[in-house]
Each structure stands twice: as structure tokens, then as C-alpha cells.
Amino acid sequence: INAEYFFFFFFLLTLTSPLFMSFWSFGFQATSPIETILDKGDFTLEELLEEEEILQECKAQNTRLIEFLSKPEQIIKLVESLLKEPESVEVPKFYKIPYISCEILCSDVPEILDATVSNKEAIQKLFSILHRAPPLNTLNANYVSRVASLLFERRSSKFLEQMKNSKDLIPNILKHLGSSAIVDFLLKTIKHESTESANVIQWLCDEKLIQSLVNKLDPSMSNEVHENVSQALMDIIASKNPQLISQLESEETVNLLLKSMFSENKGNSTLMQGLLVIIAQLLKRNSKKIFDGKQEDTPPLLRLVLEQLPKFIAIIKGHTGSFLTTFGKVEPFGFSRLKILEFFQSLIETNSKYVHDKLLEYDVLSLCLFSTVQIKIY
């Protein structure tokens, strides 16, 4: 037993001895591939991006690596990598390099963030993706949205200035409302909360964002664009920002919305998404108190919507067409008519005497009761 203890303590002393430690430090410790490349002196960004450990080294604040990646010319190359479209699904390189570049730019390293946001050429290249014809490559759009969102969140003031200096940025963003990634960036910009929030909202108002969004509800646009627009407008309503909501409820904007909904080139999507926006606005106005106002005291939203009641009623009373089933010929009630009934309910809940009088004038309550009898479940 004594011999066993002796050898055990001898082994511990050997492990902790300076000679043993230096043996492992200088003899067998593995050198990082990143350090090997950096030691070469003559290397390229592409060589670094090919290494598996680059993200780990970057997040570990490798001073030499971050110093190299923060150089203006390297920041530009990283941004350019985000914009490269995959040439073939069989070549992983065209997926790996943009992904690694995005992860580096989004690594939240202060030196890289500062170098990126202060690099005008890099920011212009980042937004150059918006100059492309829709639809955008999904991966490219996601990478650009992630980088732009992080820069806006971490370096709001400087990035806002870069956005303002980008010619036609808002019109170019609105050109790609079919891209969920671009819409996500737009919504984050609208809902951004910082000391720059007031400047952001004022800039969006000056750029006439609300009117431009409503214009995109035109029936000629795709259903996906309509859905993204209505979601953006409902998020604006939920944000309760007085400047943006004031523009949305202005007479000019409401007329524009209603014109698209009842366009001669009728589109079910335009009507549905437009109703979602109007219902969201009405729900915000719901009150438990009866508002005894006259027509001239009624807000433009209510007044203009009530003027279109005959058109809404005509849709309820109209025919959507029928089809044969095992139960015989069936005429579906349809989602559009259901949404109009929800719209009527929202009007009732405004508790405005003027609105209630108008609903009674057009016998809307009887129409609603008759319509609910028509709804059948097959």
C-alpha cells in the first residue's frame, strides 16, 4: 500500500512540474489553423473563411484575426460574399462562404460592428441587393436582413445616417415586399426603440412609407405582397405610433385603400387584406361610451368607410358561384363575406351614434342575421 501511495504522489508531482508542463506547451500542443495562416503573412480572406475554427476564434476575440477582419477592404469583401448567389446546389462552397461571412458580421464583435457601420462603400454594397429585380434569392435576402438588423440595433445613429444617404432606399425596399426577410427588416426598423426612434419615424413619414405601403395593395400585386403589406400596416397600428397612425387614418390614405379594395380589377386578396387593416383600426377605436357625434365630427376613417356600405352589402348579397358535392349543388358563403360580417361587428363596437344610425339606415343587422342562417357546414 505504501508503495502505491508513493507512485501516486510521484505521478502527481510529475504532472505539475515545470518541466512536464513545458513539454506539453512546446512539444505537443496543437497550433490553431487560424494562427498558422496569420503567421504566414501572405494570405487571403478566402483562406481564413475556409477554416472551420474561424467563428470560434472570432467570438473568442482573437486580436490578430479581428484586426485583419476589421480592415475596410476585408469588410467590403465580407459584404460582397453575402450577395453571391449559389451557382450550383452541388457546390457547397457557394453556400459556406456567404454563411460564414454573415456569421462574422453578426458576431457582435465591437471592432467589426464599428468597422462595418463606418464603411460607406460596404453599406452601399449591402443595400445594392435591393436594386435587383424581384424575387430575391432567399439566402441572400436573409443574410442582408440579418446584418442590417444587427447594425441598426447596435449602432442605430450611424446606421440611420447611412440609410438616409442611400438613394431611394424605401422605394427599393417596397419593391421587394414579396420577400419575408426584407419585410422583417422593414418591421424591425418601424418598431425600433432607442434614442433614435423619433428620427426614424420622422424619416419614414418624410419618405411617405404609409401611402407607399397602401399603394402595394393594388390588385395587380401578388397575394404574398398583399399579405406582407397588411401585416406591416397592422404592426404599425399595434405600435400605436401617433405619427404613422395619423398618416394611415388620413382621408387621402383611406381613400387610396378603399379604391384598391373596390377596384374594377377585383381581387379577393386585396379586399381581404384591406378589411384586415380596417378592422385593426376600428378595434383600436372601440369604446364603451356612446359617442354622440355628427357626420362632420366623425373621423375620416369611419366617414369614408360608411360611404362604401352599399358596396359591402352588395358583396354579401351577391353570388360567389356554386359547385357540385355529394350533397348536391352548394354555394359557399366564402371568407370574404365572413370578413365583411366581422367588419360590421367592428363598426357596431365603435359605439358611435352616427355609425349606428348609418347601419340602421342600410338595415345591416337584418342582413347579418340572414347571412348567419346561410352559413352551412358541410
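Just so it is clear, the model here is predicted, and its values are computed rather than measured.

Once that is clear, we can look at the overall build of the protein chain. Along the protein chain, the regular secondary structure elements total 25 helices and two strands. Split into buried and exposed, the 378 residues of the protein chain put 45% on the buried side. Considering only contacts in the protein chain between residues 6 or more positions apart, those separated by 24 or more positions represent 70%.

Okay, the nonpolar core next. Membership of the largest hydrophobic core comes to 112 residues, with the highest contact counts inside it found for I104, F159, L213, L233, F343, F344 and L347. At eight residues, helix α11 (residues 138-154) tops the list of elements feeding residues into this core. Discounting chain neighbours no more than four positions away, the residues touching L213 are L174, L177, L186, V229, A232, L233 and I236.

Per-residue pLDDT for the protein chain averages 84, and the proportion of residues at 70 or more is 81%. Note on residues 19-29: pLDDT under 50 across the span, and seven contacts to partners over four residues away in sequence or across chains.

Below, the discussion takes up the packing of aromatic side chains. Under the defined criterion, the tally for this structure stands at six aromatic pairs. Relative to F68, the ring of F43 lies with its centre 4.9 Å away and its plane at 50°, an arrangement referred to as tilted. Highlighted residues: F43 in the loop between α3 (33-40) and α4 (45-49) and F68 in helix α6 (residues 63-69), separated in sequence by 25 residues. In this structure F68 comes out as buried when scored by relative accessible area, which is 10%.

What follows deals with helix α17 (residues 223-239). A turn of α-helix holds 3.6 residues, and therefore any two residues three or four places apart point the same way. Across its 17 residues, α17 extends 24 Å between first and last C-alpha, which sits within 8% of the 24 Å expected from 1.5 Å per residue. Along α17, the positions that sit buried rather than exposed are V225, H226, N228, V229, S230, A232, L233, D235, I236 and I237. K240 occupies a position one or two residues after α17 and carries a positive phi of about 60°.

Taken as a whole and assessed by the stated rule, the structure comprises 17 salt bridges. Salt-bridge contacts for K40 lead to E47; the nearest nitrogen and oxygen are separated by 2.7 Å. Of the residues examined, K40 reaches a relative accessible area of 47% and is grouped as partly exposed. By sharing partners, the salt bridges in this structure join E35, D39 and R64 into a single network.

Bringing the environment of V117 into the picture now. Mapping V117 onto the fold places it in helix α9 (residues 110-117). With 43 residues separating them along the chain, V117 and L160 place their C-alpha atoms 9.7 Å apart. Non-local contacts of V117, meaning those with residues more than four positions away in its chain, are made with I123, L151, R155, K158, F159 and Q162.

Moving on, we come to helix α7 (residues 72-83). When the terminal C-alpha atoms of α7 are compared, their 17 Å separation across 12 residues agrees well with the 16 Å that a helix rising 1.5 Å per residue should span. Every buried residue of α7 is listed here: Q74, I75, I76, L78, V79, S81, L82 and L83.

A few words now on empty space enclosed by the protein. In the structure shown here, the tally under the stated rule is one cavity of 30 Å³ or more. There is about 50 Å³ of room inside the largest cavity. Around the largest cavity, the lining residues are F127, I129, L130, V144, S145, A148, I173, I182 and F185. Going through the elements one at a time, α11 and α14 (180-190) are the ones with two or more residues in the lining of the largest cavity. If you tally residues by element for the lining of the largest cavity, the top one is α11, at three residues.

Cis rather than trans, the peptide bond between P134 and P135 has omega equal to 0°. Relative to the assigned elements, P135 resides in the loop between α10 (120-127) and α11. A positive phi is found at Q61, a non-glycine position, where the angle reads about 60°. Within the fold, Q61 resides in the loop between α5 (54-59) and α6. Despite not being glycine, D168 shows a phi value in the positive range, around 55°. Along the chain, the position of D168 falls in the loop between α12 (156-165) and α13 (169-174).

Parameters at a glance
- Residues numbered from 1 in each chain as written.
- Predicted model: local features only at pLDDT ≥ 70, side-chain atom pairs only at ≥ 80, totals over all residues.
- Heavy atoms only, no water.
- Helix = DSSP H or I, 4+ residues; strand = E, 2+ residues; numbered from the N terminus.
- Buried < 20%, exposed > 50% of the residue type's maximum accessible area, 1.4 Å probe, protein only.
- Contact = heavy atoms within 4.5 Å.
- Core = buried A, V, L, I, M, F, W, Y, C linked by side-chain atoms within 4.5 Å.
- pLDDT = per-residue confidence, 0-100.
- Phe/Tyr/Trp six-rings, centres within 6.5 Å; stacked < 30°, edge-to-face > 60°.
- Expected span 1.5 Å × (residues − 1).
- Salt bridge = Lys/Arg side-chain N within 4 Å of Asp/Glu carboxyl O.
- 1 Å grid on protein atoms, 1.4 Å probe; cavity = no way out; pocket = protein on both sides within 12 Å on 5 of 7 lines; lining within 4 Å.
- Points joined across faces, edges and corners; volume = space filled by probe spheres on them.

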